[in-house]
Amino acid sequence: MNLRQLIELQEQDNHILRLQDELKEIPRQIELQKGRLNQISNDCKAAEASTQVCLKQRHSLELDLKTKEDSRIKLQSQQFTVKTNEQFKAIQNEIAAMGKAVSQMEDKILESMEAAETAKKELNTKKTAFEQENQRFIEAEKKLLAEQSRLDNLMVEAKTKRDSMQAQLPSNLKNIYDRIRLKHPENAIVTIQNDICQGCFMKLPAQISHQVRKGDKFIQCENCSRILYYREDDTAL
Ligand SMILES: [Zn+2]
């Protein structure tokens, strides 16, 4: 009977499965954190774009203002060259309208300057957040990669140990174990408790249960095909 060896092999296989899970988790973690960093980077780009929009708006308003002011100056110089009273009045009205428009534009420019200022502050906040997140990401990635390399080493050791453990088993047992394990990767070999298979939880016939308890024969569950074994202390559970 090689049940003890088989149980140990299963423990080793499960250890390898856990290492695999841990290893799979690392690139996932890195991607997750990279995603967070990209999000902040996109926020930064959006803030940068809205700052640019504000600056362009202001620039275009300033150009418009300049044009309006030039026209006003031109009208002001024209007002004394006109011949009739009506023309003078018309120019005066136009100058007043221009003045109003200029003052409205100046207000708009002030508003746009404030908006640009707010957008710039927002951008700086986002940039700082990005820098912090980037720093945090670099550190986290370094740690995760170090962990990955530690796990890789453990995996090599674990697999080497597994191979040597498996090599000590008779090939028929090894084959049965491997076959059951395809279906039940974590518990190809299970205990019985109170005559119940701890893999599929079916009640075992008394005869089978008795044989498993005796432990001198290699027994599989009739229902799930798992290899069964009996452990003294399980009765206390
Ligand atoms: Zn079973």
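Thresholds applied
Residues numbered from 1 in each chain as written. Predicted model: local features only at pLDDT ≥ 70, side-chain atom pairs only at ≥ 80, totals over all residues. Heavy atoms only, no water. Core = buried A, V, L, I, M, F, W, Y, C linked by side-chain atoms within 4.5 Å. Buried < 20%, exposed > 50% of the residue type's maximum accessible area, 1.4 Å probe, protein only. Helix = DSSP H or I, 4+ residues; strand = E, 2+ residues; numbered from the N terminus. Domains from an automatic or database assignment. Contact = heavy atoms within 4.5 Å. Donors = N, O, S within 2.8 Å, 3.2 Å for Na, K, Ca; no water. Tetrahedral: all angles 85-135°; square planar, octahedral: opposite > 155°, others 65-115°. Salt bridge = Lys/Arg side-chain N within 4 Å of Asp/Glu carboxyl O. Buried area = accessible area lost by both parts, 1.4 Å probe. Nonpolar A, V, L, I, M, F, W, Y, C, P; charged D, E, K, R; others polar.

**Details of the nonpolar core**
Judged by nonpolar contacts, the single largest core of 14 residues is most densely connected at Leu3, Leu6, Leu9, Tyr177, Ile189 and Ile227. Sorting the residues of this core by element identifies helix 1 (3-78), helix 3 (171-183) and strand 4 (227-229) as the ones contributing at least two each. Two domains each put at least three residues into this core: domain 1 (3-167) and domain 2 (171-236). Not counting residues within four places of it along the chain, the set of residues in contact with Leu9 comprises Arg162, Met165, Gln166, Leu169 and Tyr177. If you look at the next biggest cluster of nonpolar residues, it comprises 11 residues, including Ile26, Ile30, Leu144 and Met155.

**Observations regarding the coordination of the zinc ion**
Only Cys197 (SG), Cys200 (SG), Cys221 (SG) and Cys224 (SG) from the protein coordinate the zinc ion, and they sit 2.2 to 2.4 Å from it. Considering all 4 donor atoms around the zinc ion, the spread of angles at the metal, 106 to 115°, places the coordination shape in the tetrahedral class. Donor residues for the zinc ion sit on one chain with the sequence pattern C-x2-C-x20-C-x2-C. One end of the pair, Cys200, is in the loop between strand 2 (196-197) and helix 4 (206-214); the other, Cys221, is in the loop between strand 3 (219-220) and strand 4, and 21 residues separate them in sequence. Residue Cys221 is classed as buried on the basis of its relative accessible area, which comes to 3%.

**Structural notes on unusual backbone geometry**
Unlike most non-glycine residues, Asn194 shows phi in positive territory, near 50°. Following the sequence through the fold, Asn194 ends up in the loop between strand 1 (189-193) and strand 2. With relative accessibility at 54%, the residue Asn194 sits in the exposed group.

**Here's the deal with the pattern of salt bridges**
One pass over the full model with this rule turns up 14 salt bridges. The residue Asp70 makes a salt bridge to Lys66 at a minimum N-O spacing of 3.2 Å. Remark: Lys66 and Asp70 occur in helix 1; sequence separation between them is 4 residues, near one turn of the helix. The network of salt bridges with common partners includes Asp13, Arg162, Asp178 and Arg181.

**Concerning the domain arrangement of the protein chain**
Split by domain assignment, the protein chain resolves into domain 1 (3-167) and domain 2 (171-236). Domain 1 and domain 2 are separated by 59 Å when their C-alpha centres are compared. Of the roughly 1,100 Å² buried between domain 1 and domain 2, counting both surfaces, carbon and sulfur atoms make up 61%. By the criterion of area lost to domain 2, the three top residues of domain 1 are Leu3, Leu6 and Gln10, representing 50% of everything that side buries. Along the contact surface separating domain 1 from domain 2 lie 2 salt bridges. Notably, a salt bridge pairs Asp13 with Arg181, separated by 3.5 Å at the nearest N-O pair. Here the element with the most residues in the side of domain 1 that touches domain 2 is helix 1; it accounts for 8 residues. Split by residue class, the side of domain 1 that touches domain 2 holds 5 nonpolar, 3 polar and 2 charged.

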